[in-house]
Amino acid sequence: MVKLNGTVFMPLMLTLIGIPGLESVQFWIGIPFCAMYIIALFGNSLLLVIIKTERSLHEPMYLFLAMLGATDIALSTCILPKMLGIFWFHLPQMYFDACLLQMWLIHTLQCIESGILLAMALDRYVAICDPLRHATIFTHQVLTQIVVGVTLRAAFLVAPCLILIKCRLKFYRTTVVSHSYCEHMAIVKLAAEDVRINKIYGLFVAFSVLGLDIIFITLSYFQIFITVFNLPQKEARLKAFNTCIAHICVFLEFYMLAFFSFFTHRFGFHIPSYIHILLSNFYLLVPPLLNPIVYGVKTKQIRDRLFKIFL
């Protein structure tokens, strides 16, 4: 790591300070974060075990749910151990390349989660609007192609963010990252060079993944609601709508937190920095915590299996 004219050339190490402005209470903030992580880990692991062992749950909706649970476990595990190391054990140092790897994993898993939510919305659309063709459309081969497509889309779209930082940005004003994990914009803002291309590509990824996914999910549910409200019997309407409630809750929770965090981080100049960081942390920690709870409460098959296990 060479210093030139007050800038650092290709830093070897970065220092993550955690939550700026709340350093004195970070130890206590780590306690609820750790509890959230443990509950999320337990809930999603239990969900995966139930779906794997219960043959009646080997349907597209539950297989997508299992993939969502696995993604949630990976996403929270990417950030929590290091974050708790900063909060509890005062270990803020992180290799620059390791930080870039964490950044790529976090944003890739976020994009994968968005793609899974889109796939679940399309599954509900076909199941309600064209139920006779559901089994022929969502075959195991199609499910595999969806999983591979969602994963490759996320990995290849996020990879240029890492490449643009590694190959374009050589000089950095500081090696101190004002964040509790390696977030794309938090690293880009350290550079002492022109970062417009990095910012533009970051916005492109956000809107081409989250933006398009939320549009297609909204259109799917708009068509679902039209079909449900046109059903002649009230019981049929309630039954059809009940199959979508859990996904709607997860969908609203994920995208509301995502866009609130995204816009406050880029345009909320008058909001204290610790609010930005806390919102970013909640965006990554709350969905893995709530998703298994929402599906466990609202899905009868999973609820019945839970009763069998614990009672």
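Bear in mind the structure is a predicted one, so any value in this text is a computation, not a measurement.

A. Quick peek at the packing of aromatic side chains. Counting across every chain of the model gives 14 aromatic pairs. Aromatic pair Phe33 and Phe282: ring centres 5.9 Å apart, planes at 80°, arrangement edge-to-face. On the criterion of sequence distance, the pair formed by Phe33 in helix α1 (residues 26–53) and Phe282 in helix α9 (residues 273–298) is long-range, its members being 249 residues apart. A ring pair is formed by Tyr221 and Phe225, whose centres lie 6.0 Å apart and whose planes are at 50°; its orientation type is tilted. On the criterion of helical spacing, the pair formed by Tyr221 and Phe225 is a turn pair, its members being four residues apart in helix α7 (residues 196–229). We classify Phe225 as partly exposed; its relative accessible area is 29%. Among the aromatic residues, those joined into a ring-pair cluster are Phe27, Trp28, Trp88 and Phe89.

B. Examining the pattern of salt bridges more closely. If you walk through the whole model with that rule in mind, you get seven salt bridges. Put simply, Lys166 and Asp97 hold a salt bridge, and the shortest N to O gap is 2.6 Å. Here Lys166 is found in helix α5 (residues 140–168), whereas its partner Asp97 is found in helix α3 (residues 96–129), with 69 residues between them in sequence. Assessed through its relative accessible area of 46%, Asp97 is described here as partly exposed. Taking the shortest distance from any N to any O, the salt bridge between Asp194 and Arg196 comes out at 3.0 Å. Exposure remark for Asp194: the relative accessible area of 39% places this residue in the partly exposed category.

C. Layout of the side chain of Ser76. Among the structural elements, Ser76 can be located in helix α2 (residues 60–89). Given a relative accessible area of 2%, Ser76 falls into the buried group. If near-sequence neighbours (up to four positions away) are discounted, Ser76 is found in contact with Tyr37, Pro81 and Pro288.

D. The sheet that holds strand β3 (residues 13–16), seen in detail. In spatial order, the strands read β4-β3-β6; together these three strands make up an open sheet with mixed pairing. For this open sheet the edge positions go to β4 (93–95) and β6 (176–177), each flanked by a neighbour on one side alone. Summarising the sheet, β3 and β4 pair through three bridges and their orientation is antiparallel. Residue Met13 lies in a different strand from β4, and its bridge partner there is Tyr95. The sheet contacts of α3 involve β3 and β4, and relative to β4 the element is tilted by about 85°.

E. Representation of the layout of surface pockets. In this model, the largest pocket occupies a volume close to 420 Å³. Lining the largest pocket are 20 residues, and of these Met61, Tyr62, Thr243, Thr299 and Gln301 sit closest to its centre. Of all the secondary structure elements, the ones that give two or more residues to the lining of the largest pocket are α2, α3, α8 (234–267), α9 and α10 (300–310). For the lining of the largest pocket, the element with the most residues is α8, which contributes five residues. For the lining of the largest pocket, the class distribution of residues is seven nonpolar, six polar and seven charged.

F. Structural detail: unusual backbone geometry. Its identity as a non-glycine residue notwithstanding, Met10 has a phi of 45°, on the positive side. Structurally, Met10 can be placed in the loop between β2 (7–9) and β3. The phi torsion at His90 lies on the positive side, around 55°, for a residue other than glycine. Relative to the helices and strands, His90 is located in the loop between α2 and β4.

Cut-off values and rules
- Residues numbered from 1 in each chain as written.
- Predicted model: local features only at pLDDT ≥ 70, side-chain atom pairs only at ≥ 80, totals over all residues.
- Heavy atoms only, no water.
- Phe/Tyr/Trp six-rings, centres within 6.5 Å; stacked < 30°, edge-to-face > 60°.
- Helix = DSSP H or I, 4+ residues; strand = E, 2+ residues; numbered from the N terminus.
- Buried < 20%, exposed > 50% of the residue type's maximum accessible area, 1.4 Å probe, protein only.
- Salt bridge = Lys/Arg side-chain N within 4 Å of Asp/Glu carboxyl O.
- Contact = heavy atoms within 4.5 Å.
- Pairing = 2+ DSSP bridges.
- Axes fitted to C-alpha atoms, helices over the stretch in contact; angles between N-to-C directions.
- 1 Å grid on protein atoms, 1.4 Å probe; cavity = no way out; pocket = protein on both sides within 12 Å on 5 of 7 lines; lining within 4 Å.
- Points joined across faces, edges and corners; volume = space filled by probe spheres on them.
- Nonpolar A, V, L, I, M, F, W, Y, C, P; charged D, E, K, R; others polar.

Interpretation in functional terms is not warranted from these geometric data alone.
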